[in-house]
Amino acid sequence: MYMLTGEHTGIYFVDSTKLAICHNKRTSNNRVFNRIAKGGISSYGYFLGFKLHLIINNKGEIMAIGLDIGTMNIVAATQNGNKIDISRIRDAFLDVPIKAKQMLKMSGVSFIEKEDTLFILGDVALEMANIFGREARRPISKGLVSPSEMDGIEILAHMIKSVVGDSKGKCFYSVPAPPLDAPSKDIIYHTQIFKKIVEDCGLIASPSNEAMAIVFAEASKENFSALSFSFGSGMTNVAVANY
């Protein structure tokens, strides 16, 4: 969807419409988009399918952004005319004492100040960790928000804001499937955390399974019927789509 992103003009319009996949009489027997489509209500009544929310600019162009949230990197993609702009930040941070503030300023290193602690983000965090003989901290572990990082959520919010910038419209952000080898881990908390972060950036948040995102991006000629793999540093996601 981010491939269709329009120009940022400062004037936007919001609306929604239903995308019914079958007649209401056939909802009990329908197999199209099984386990994906949901029941809903619009101004025209009940339907089974999806609800499409769009933000357009005053030129009628769709506004959207793609956000890939991984264990190693957070990447945002937006359309800028005929090219795609990519923004990336390394998914790592390092805490240093407040007394290092002057040194960081003299070195031109950006940081976040919180009470008596400074946080360095991204690639620089890895470089500074080597200098201090420490290990950089990770707000995401094995594909999901790390429960052991108390500062992780606030750090993630700063990271995502840095890559999405002042973008407007809808944001499709990647989420993994529930891990088969760790059934106790739930993606609901992970998904909701990023939903709030994205919405706090002024965007309409819409989660998208990362393996299915590959199908939607690469398999249009096959009517979105494909087997896709997303190999991350924390998790591998597989999707089988047969429409």
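Residues numbered from 1 in each chain as written. Predicted model: local features only at pLDDT ≥ 70, side-chain atom pairs only at ≥ 80, totals over all residues. Heavy atoms only, no water.

Visitor: Is there a simple way to think about the side chain of Glu210 in this case?
Guide: Among the secondary structure elements, Glu210 is positioned in helix α5 (residues 210-218). Buried and unpaired, Glu210 has no salt bridge, with Lys185 as the nearest side chain of opposite charge at 14 Å. Looking at Glu210, its side chain comes within polar contact range of the side chain of Asn237, at 3.4 Å. When residues no more than four places from it in sequence are discounted, the contact partners of Glu210 are Ser174, Val175, Pro176, Ser230 and Asn237. (Helix = DSSP H or I, 4+ residues; strand = E, 2+ residues; numbered from the N terminus. Buried < 20%, exposed > 50% of the residue type's maximum accessible area, 1.4 Å probe, protein only. Lys, Arg positive; Asp, Glu negative; His and termini not counted. Salt bridge = Lys/Arg side-chain N within 4 Å of Asp/Glu carboxyl O. Polar contact = N/O pair within 3.5 Å; in protein donor to acceptor, adjacent residues only side chain to side chain. Contact = heavy atoms within 4.5 Å.)

Visitor: I would appreciate a short explanation of the packing of helix α3 (residues 152-164) against helix α4 (residues 187-200) in the present structure.
Guide: Each pair of packed helices gets described by two things: the angle between the helix axes and the distance between those axes. Contact geometry of α3 with α4 gives a least axis separation of 10 Å together with a crossing angle of 50°. Relative to α4, the element α3 lies oblique. Between α3 and α4 lies a crossing of right-handed hand. Counted together, Ile153, Leu156, Ala157 and Ile160 of α3 and Tyr189, Ile193, Phe194 and Ile197 of α4 form the full contact between these two elements. The class makeup of the residues in the contact of α3 with α4 is 8 nonpolar, no polar and no charged. (Axes fitted to C-alpha atoms, helices over the stretch in contact; angles between N-to-C directions. Parallel < 35°, antiparallel > 145°, perpendicular 65-115°, else oblique. Left-handed = near helix turned anticlockwise from the far one by under 90°. Nonpolar A, V, L, I, M, F, W, Y, C, P; charged D, E, K, R; others polar.)

Visitor: Sorry, what's going on with a nonpolar patch on the surface here?
Guide: Taken together, Leu227, Phe229, Phe231, Val238 and Val240 make up a surface patch of nonpolar side chains, about 560 Å² in accessible area. Only β14 (226-231) and β15 (236-241) provide two or more residues apiece to the nonpolar patch. The biggest single contributor to the nonpolar patch is β14, with 3 residues. Along the chain, the position of Leu227 falls in strand β14. (Patch = residues over 30% accessible without salt bridge, like charges linked within 9 Å, V, L, I, M, F, W, Y side chains within 5 Å. Areas by Shrake-Rupley, 256 points an atom, 1.4 Å probe, with all protein chains shown as cover.)

Visitor: Please explain the pattern of salt bridges as it appears in this structure.
Guide: Two side chains carrying opposite charge are able to pair once their charged atoms lie near each other. Tallying each qualifying case throughout the model produces 11 salt bridges. With its nearest N and O atoms 2.6 Å apart, the salt bridge here joins Arg137 to Glu149. With Arg137 in the loop between α2 (123-132) and β10 (140-141) and Glu149 in the loop between β11 (144-145) and α3, this pair connects stretches of sequence that are 12 residues apart. The pair formed by Arg137 and Glu149 is uniform in burial state, with each residue classed as buried. Where Lys196 meets Asp200, a salt bridge forms, and the shortest distance between an N and an O atom there is 2.8 Å. Taken together, the residues span about one helical turn, with Lys196 and Asp200 both in helix α4 at a distance of 4 residues. Each member of the pair Lys196 and Asp200 is classed as exposed.

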